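Here are the chains, one letter per residue:
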Amino acid sequence: MIAGPTETATNAEVSRLVVVSNRLPVVLSRNNGEWVVKPGAGGLVTALAPVLRDRGGTWIGWPGTSETESVSDALTEAATDTGYTLEPVPLSDDLINGYYHGFSNEVIWPLFHDFPERANYQPSYWKAYQDANRTFATCISESTSPRDYVWVHDYHLMDVAAQLRTIDVRRRTGFFLHIPFPSVDLFMRLPWRFQVLSALLEFDMLGFQTARDTRNFIHCVRTVIDGVRVSGRNASFTVDLPDRRTSVGTFPIGIDARYFEQTARDSEVEQEVRMSHDRLPNIKVILGVDRLDYSKGLPERIVAYQDALRRYPELQGNVTFIQVVVPSREDVPEYQAQRDAIERLVSQVNGEFTQPGWVPIHYLYRSLSRTELFAYYRLAEICLITPLKDGMNLVSKEYCACNIDGDGVLILSEFAGSAAQMH
């Protein structure tokens, strides 16, 4: 995936790599009136931060607050640690509500994850999505030159290249979709299907996680767009329209495996692993690490574990399931309900099976420190990844990279994108 942009232009032609995503790769918070900047988390940051750190460049994104001007100094200072420039995009609270909470996460997210019944097709959401993408395009115009390569990421920003054309700005552009792309039967439910496909074809290059996602996109293009000519097969295609050409390919996103392996050997991680083994003597550990989302299949996973304890009593007292849930969209009622359902199920399982000295499920609802996360990866004999639908799932790769003793077991759902690579 890292090689994608260089396929369009050589290093001599491209002065900078510019990454564009909904959020900047940092988290901002106030402490005694001063902005504090901490590194962000998530698959996109894990995959892309090393790329910009090694070669330099710029990252454009929303800083997480409408107070864009006041955070500029803090972001400039943070750039000395990241190794690349951070450019904030100003978005109002109303625009965030319609573009991010609305179109991105009430329309595209459920539809592209095979939950069409959850989609909310509010017409105002599409208008807000266009307005937000135009704001990003304006920021790109002001922060880049024609020699830069602009690499746009994920479902929030599918309209950016089209908005650049609207304001008559020419840039070399690539787009990568981190979530699945749906089959044509699902995609046809989107009222703005023609506009979304047309906008995506404004990019010079499109990248998808799996060959299935790429084929789904090509099938949708052939079904919806008139006058299109498609050539290629398997994981690489070219789409030609009368006024432009777009390259389409499969580029599974990865991790900095060497970093994960080396960090897993840190003395702090080793000490945390030993302490955890002392707290759980002679217990096999199953680990789950997931962001709070209905696509992760967390209630179903807990019910399956409960069923296993009932069917195989010999597991009781010998196996413990550690489920880490990273908070996400806590102000959205649907996600609050998901959290409540998970916590009720954890309580039921622990109430049914807990014995003196043994608890079947250890449930952590919080983000982990680097040392904690790597220690859990080292501790667990089994990593359980069972999403109902997932674009890639980098936890599967992180667990394998951290399994330096070579005795871990990865149980991976076929509905995670990483299963296509790791089958």
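Before reading on, note that the structure itself is shown above.
Residues numbered from 1 in each chain as written. Predicted model: local features only at pLDDT ≥ 70, side-chain atom pairs only at ≥ 80, totals over all residues. Heavy atoms only, no water.

Some words on the sheet that holds strand β11 (residues 244-250)
Moving on, step 1. One open sheet holds the nine strands; their spatial order is β5-β4-β1-β6-β7-β8-β11-β10-β9, and the pairing between them is mixed. Edge strands, defined here as strands with exactly one partner in the open sheet, are β5 (85-88) and β9 (229-233). This sheet shows a mean twist of 20° between the axes of neighbouring strands, independent of strand direction. (Pairing = 2+ DSSP bridges. Helix = DSSP H or I, 4+ residues; strand = E, 2+ residues; numbered from the N terminus. Axes fitted to C-alpha atoms, helices over the stretch in contact; angles between N-to-C directions.)

Re the environment of Val-324
Moving on, step 1. Structurally, Val-324 is set in strand β13 (residues 319-326).
Moving on, step 2. The buried category is assigned to Val-324, whose relative accessible area is 1%.
Moving on, step 3. Placed 73 residues apart in sequence, Val-324 and Lys-397 show a C-alpha to C-alpha distance of 17 Å.
Moving on, step 4. Those residues in contact with Val-324 that lie beyond four places of it in its chain are Leu-287, Gly-288, Val-289, Asp-290, Leu-364, Arg-366 and Leu-368. (Buried < 20%, exposed > 50% of the residue type's maximum accessible area, 1.4 Å probe, protein only. Contact = heavy atoms within 4.5 Å.)

Describing helix α11 (residues 298-311)
Moving on, step 1. Compared with an ideal rise of 1.5 Å per residue, which puts 14 residues at 20 Å, α11 spans 20 Å between its outermost C-alpha atoms and is within 8% of the ideal.
Moving on, step 2. Buried residues along α11 sit against β12 (284-291), β13, α12 (333-353), β14 (361-365) and β15 (382-385). (Expected span 1.5 Å × (residues − 1).)

Topic: the nonpolar core
Soluble globular proteins tend to bury their nonpolar side chains together.
Moving on, step 1. Counting 135 residues, the largest nonpolar core has Tyr-99, Phe-181 and Phe-217 as its most contacted members.
Moving on, step 2. Ranked by residues supplied to this core, first place goes to helix α3 (residues 93-112) with ten residues.
Moving on, step 3. If near-sequence neighbours (up to four positions away) are discounted, Phe-181 is found in contact with Phe-112, Phe-187, Leu-197, Leu-200, Phe-208, Asp-213, Asn-216, Phe-217 and Cys-220. (Core = buried A, V, L, I, M, F, W, Y, C linked by side-chain atoms within 4.5 Å.)

Focus: the pairing of strand β16 (residues 409-412)
Moving on, step 1. In this structure, β15 lies alongside β16, joined through four bridges in parallel fashion. Bridge assignment links Ile-385 to a residue of β16, and that residue is Leu-412.
Moving on, step 2. As a crossover connection, the stretch from β15 through helix α14 (residues 395-402) into β16 is right-handed. (Right-handed = clockwise from strand over helix to strand, strands pointing away.)

Regarding the sheet that holds β15
Pairing between the strands of a sheet is mediated by backbone hydrogen bonds and can be parallel or antiparallel.
Moving on, step 1. The parallel open sheet is built from five strands, whose spatial order is β14-β13-β12-β15-β16. Strand pairing shows two members of the sheet lacking a second neighbour, β14 and β16, which therefore form its edges. Each adjacent strand pair in this sheet contributes to an overall mean axis angle of 20°, direction not counted.
Moving on, step 2. As paired elements, β12 and β15 share two bridges and run parallel to each other. Residue pairing in the sheet places Leu-287 in a bridge with Cys-383 of β15.

Regarding the packing of helix α9 (residues 257-264) against helix α13 (residues 370-379)
Axis angle and axis distance: for two packed helices, these are the angle between their axes and the distance between the axes, and together they describe the pair.
Moving on, step 1. Contact geometry for α9 and α13: axes closest at 10 Å, N-to-C directions at 85°. Considered as vectors, α9 and α13 are oriented roughly perpendicular to each other. Listed contacts from α13 to Tyr-259, Phe-260, Thr-263 and Ala-264 of α9 are Arg-370, Phe-374 and Arg-378.
Moving on, step 2. A breakdown of the residues in the contact of α9 with α13 according to their chemical character gives four nonpolar, one polar and two charged. (Parallel < 35°, antiparallel > 145°, perpendicular 65-115°, else oblique. Nonpolar A, V, L, I, M, F, W, Y, C, P; charged D, E, K, R; others polar.)

A short note on the environment of Arg-212
Moving on, step 1. Following the sequence through the fold, Arg-212 ends up in helix α8 (residues 211-224).
Moving on, step 2. Taking the relative accessible area as the measure of exposure, Arg-212 reaches 51% and is therefore exposed.
Moving on, step 3. In the structure, Arg-212 is positioned 31 residues away from Phe-181 in sequence and 8.2 Å away in space, judged by C-alpha atoms.

Details of the packing of aromatic side chains
Moving on, step 1. Taken as a whole and judged by the stated rule, the model has 24 aromatic pairs.
Moving on, step 2. Clustering of aromatic rings is evident, with ring pairs tying together Tyr-99, Phe-103, Trp-126, Tyr-129, Phe-136 and Trp-192.
Moving on, step 3. We note Arg-329 situated over the ring of Trp-109; from NZ or CZ to the ring centre the distance is 5.1 Å. (Phe/Tyr/Trp six-rings, centres within 6.5 Å; stacked < 30°, edge-to-face > 60°. Lys NZ or Arg CZ within 6 Å of the ring centre and 35° of its normal.)

A few points about the side chain of His-178
Moving on, step 1. Within the fold, His-178 resides in the loop between β7 (172-176) and α6 (184-187).
Moving on, step 2. A relative accessible area of 12% means that His-178 is categorised as buried.
Moving on, step 3. Setting aside residues no more than four positions away along its own chain, His-178 makes contact with Leu-44, His-153, Asp-154, Gln-209, Ile-253, Gly-391 and Met-392.

A closer look at the packing of helix α10 (residues 267-279) against α13
Moving on, step 1. At a minimum axis distance of 9 Å, the contact between α10 and α13 shows a crossing angle of 55°. One element, α10, and the other, α13, form an angle in the oblique class. Pair α10 / α13 crosses with right-handed handedness. Residue-level inspection shows Glu-268, Val-269, Glu-270, Glu-272, Val-273, Ser-276 and His-277 of α10 in contact with α13, the latter providing Thr-371, Phe-374, Ala-375, Arg-378 and Leu-379. (Left-handed = near helix turned anticlockwise from the far one by under 90°.)

Some remarks on the state of the cysteines
Moving on, step 1. In this structure the tally under the stated criterion is zero disulfides.
Moving on, step 2. Distance from the sulfur of Cys-400, which forms no disulfide, to the nearest cysteine sulfur (Cys-383) is 7.9 Å. (Disulfide = S-S within 2.5 Å.)

Thoughts on unusual backbone geometry
For residues other than glycine, phi is negative in most cases, and the peptide bonds are mostly trans.
Moving on, step 1. The backbone phi angle of Asn-282 is positive, close to 60°, even though this residue is not glycine.
Moving on, step 2. Along the chain, Asn-282 turns up in the loop between α10 and β12.
Moving on, step 3. A residue is classified by how much of its surface remains accessible, and Asn-282, at 75% relative accessible area, is exposed.
Moving on, step 4. A positive phi angle, close to 50°, is found at Arg-329, a residue other than glycine.
Moving on, step 5. Inspection of the secondary structure assignment puts Arg-329 in the loop between β13 and α12.

That's the geometry; what it means functionally is another story.
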